[in-house]
Amino acid sequence: MLHRYTSPQCLLCGEVGKLTYEHKIKGSPLANRFGKQELYFGSKDDFFIGKVKKLQSPKSKFLKFESPICEACNSRRTQRADRQFDSLLRKLNKAYETGIDPAQVFTSGLFYPGGEASLDLHRYFAKILCNFLADSECPIPERLSTFAINRSDEDCIYIGMEPNKFLSERGGLSAEFLPAEHKGLSIFATEDLELSHILSGVSFGAVIIYFWFYFTSSEKAELKSEYPDVYRRIRNLVLEHRAKLESGIPV
Ligand SMILES: [Zn+2]
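Residues numbered from 1 in each chain as written. Predicted model: local features only at pLDDT ≥ 70, side-chain atom pairs only at ≥ 80, totals over all residues. Heavy atoms only, no water.

Trainee: Explain the overall build of the protein here, please?
Mentor: When you go through the protein residue by residue, the secondary structure sums to ten helices and eleven strands. Accessible area of the protein: about 13500 Å², with a carbon and sulfur share of 51%. (Helix = DSSP H or I, 4+ residues; strand = E, 2+ residues; numbered from the N terminus. Areas by Shrake-Rupley, 256 points an atom, 1.4 Å probe, with all protein chains shown as cover.)

Trainee: Just to check I follow, could you spell out the packing of aromatic side chains for this structure?
Mentor: The relative placement of two aromatic rings is captured by the distance of their centres and the angle of their planes. Within the structure shown, the criterion is met by eight aromatic pairs. Between Phe 65 and Phe 132, the ring centres sit 4.8 Å apart and the planes meet at 85°, which makes this aromatic pair edge-to-face. Residue Phe 65 is located in the loop between β4 (53-55) and β5 (69-70), and its partner Phe 132 is located in helix α6 (residues 116-135); the two are separated by 67 residues in the primary sequence. The exposure class assigned to Phe 65 is buried, which follows from its relative accessible area of 2%. Between Phe 85 and Tyr 124 the ring centres are 4.2 Å apart and the planes differ by 15°, which places this aromatic pair in the stacked class. Highlighted residues: Phe 85 in helix α4 (residues 79-98) and Tyr 124 in helix α6, separated in sequence by 39 residues. The exposure classification of Phe 85 matches that of Tyr 124, with both residues buried. A connected cluster of aromatic rings, assembled from ring pairs, spans Phe 85, Tyr 124, Phe 125 and Phe 211. (Phe/Tyr/Trp six-rings, centres within 6.5 Å; stacked < 30°, edge-to-face > 60°. Buried < 20%, exposed > 50% of the residue type's maximum accessible area, 1.4 Å probe, protein only.)

Trainee: Looking at this structure, I do not really get helix α10 (residues 228-247). What am I missing?
Mentor: Structural remark: α-helix, 3.6 residues per turn; residues separated by three or four positions point the same way. Across its 20 residues, α10 extends 28 Å between first and last C-alpha, which sits within 8% of the 28 Å expected from 1.5 Å per residue. Regarding α10, the residues found buried are Val 230, Tyr 231, Ile 234 and Val 238. On an axial view of α10, the arc spanned by its buried residues comes to 105°, and they lie on one face. Where the residues of α10 are buried, they touch β9 (186-189), β10 (195-203) and α9 (217-226). In the segment just after α10, Gly 248 is the residue with positive phi, at about 80°. (Expected span 1.5 Å × (residues − 1). Arc of directions from axis to C-beta. Contact = heavy atoms within 4.5 Å.)

Trainee: Is there a simple way to explain the state of the cysteines in this structure?
Mentor: By definition, a disulfide links the sulfur atoms of two cysteine residues through a covalent bond. Counted under the stated rule, the structure contains zero disulfides. In this model Cys 138 remains outside any disulfide bridge; the closest cysteine sulfur is found in Cys 130, 12 Å from its own. (Disulfide = S-S within 2.5 Å.)

Trainee: How should I be thinking about the environment of Ser 7 in this particular structure?
Mentor: With respect to the helices and strands, the residue Ser 7 is situated in the loop between β1 (2-3) and β2 (19-20). Considered as a pair, Ser 7 and Pro 68 are 61 residues apart in the sequence and their alpha carbons are 6.4 Å apart.

Trainee: Mind showing me how you'd approach the packing of α4 against α6 here?
Mentor: Angle between the axes and distance between the axes are the two parameters that describe a pair of packed helices. Where α4 meets α6, the closest approach of the two axes is 7 Å, and the angle between their N-to-C directions is 100°. Looking at the two axes, α4 sits roughly perpendicular to α6. Contacts from Arg 80, Ala 81, Asp 82, Gln 84, Phe 85 and Leu 88 of α4 reach α6 at Glu 116, Ala 117, Asp 120, Leu 121, Arg 123, Tyr 124, Phe 125 and Lys 127. Considering only residue class, the contact of α4 with α6 consists of seven nonpolar, one polar and six charged. (Axes fitted to C-alpha atoms, helices over the stretch in contact; angles between N-to-C directions. Parallel < 35°, antiparallel > 145°, perpendicular 65-115°, else oblique. Nonpolar A, V, L, I, M, F, W, Y, C, P; charged D, E, K, R; others polar.)

Trainee: Can you walk me through the side chain of Thr 146 in this structure?
Mentor: Its place among the elements puts Thr 146 in helix α7 (residues 142-148). With residues near it in sequence (within four places) discarded, Thr 146 still touches Arg 151 and Ser 152.

Trainee: Just to check I follow, could you spell out the environment of Asp 82 for this structure?
Mentor: Positionally, Asp 82 belongs in helix α4. Each C-alpha atom, one on Asp 82 and one on Glu 154, is 18 Å from the other, the two residues being 72 residues apart in sequence.

Trainee: I would appreciate a short explanation of unusual backbone geometry in the present structure.
Mentor: A negative phi angle is the norm for most residues apart from glycine, just as the trans form is the norm for most peptide bonds. In this model, Ser 7 is joined to Pro 8 through a cis peptide bond whose omega is 15°. Mapped onto the secondary structure, Pro 8 falls in the loop between β1 and β2. If you check the backbone angles, Glu 137 has positive phi at about 55° while not being a glycine. Tracing the backbone through its elements, the reader meets Glu 137 in the loop between α6 and β6 (140-141). Using a relative accessible area of 55% as the deciding quantity, one classes Glu 137 as exposed. Here Asn 150, not a glycine, exhibits a phi torsion of approximately 70°, which is positive. Within the secondary structure, Asn 150 sits in the loop between α7 and β7 (158-163).

Structure follows, in structure tokens:
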């Protein structure tokens, strides 16, 4: 139910082949959005204290995951998913520019729920979650990886969105100055410290898209019995996080 393939295996399919690295922030929308502008990389705080890193191009290794995927998984198996993500960004930008509620992009038109385009779009987010799990040395649910590489149609991804608060927080900053960003990987647990779901997010403009995946009870049981190191690590992270929250330390 879970697998943990490591280099030189592809993190998605486990095969050993020509290895490549997936973008944390996709290159083509970066190029579309920022054109020939110089690109800088860093955390939000880094930007405000001038500690950002200048990148040579949208293909910089700093924008990529560290765990490898094979060429087939980075091309033909996921091409349709990549294209739908590009379409989504175009549609969200257009909605923003024309004053239409961006939520409509997910409820009607090309991405109507359950449609083929929506399924492929969800595959893109499944692939990103798999990459985050691999980089965190966590096992990957088979359901998530097989869905990502088009070997299953069982959609296990949920999507939500919210306006990018970066705009309101910085007092009237125009959307064109917004950085592209990813939200890393967040792990959620229930009250009794049981793993619940993982979540990430991405933004190329005025809207942040969130996507997440729920673990089944069998996947959670396998994590506990077959990957006790990861199980303990997650449990400790959750406990640390809760202790900080209770003591009022900002997290
Ligand atoms: Zn592969």
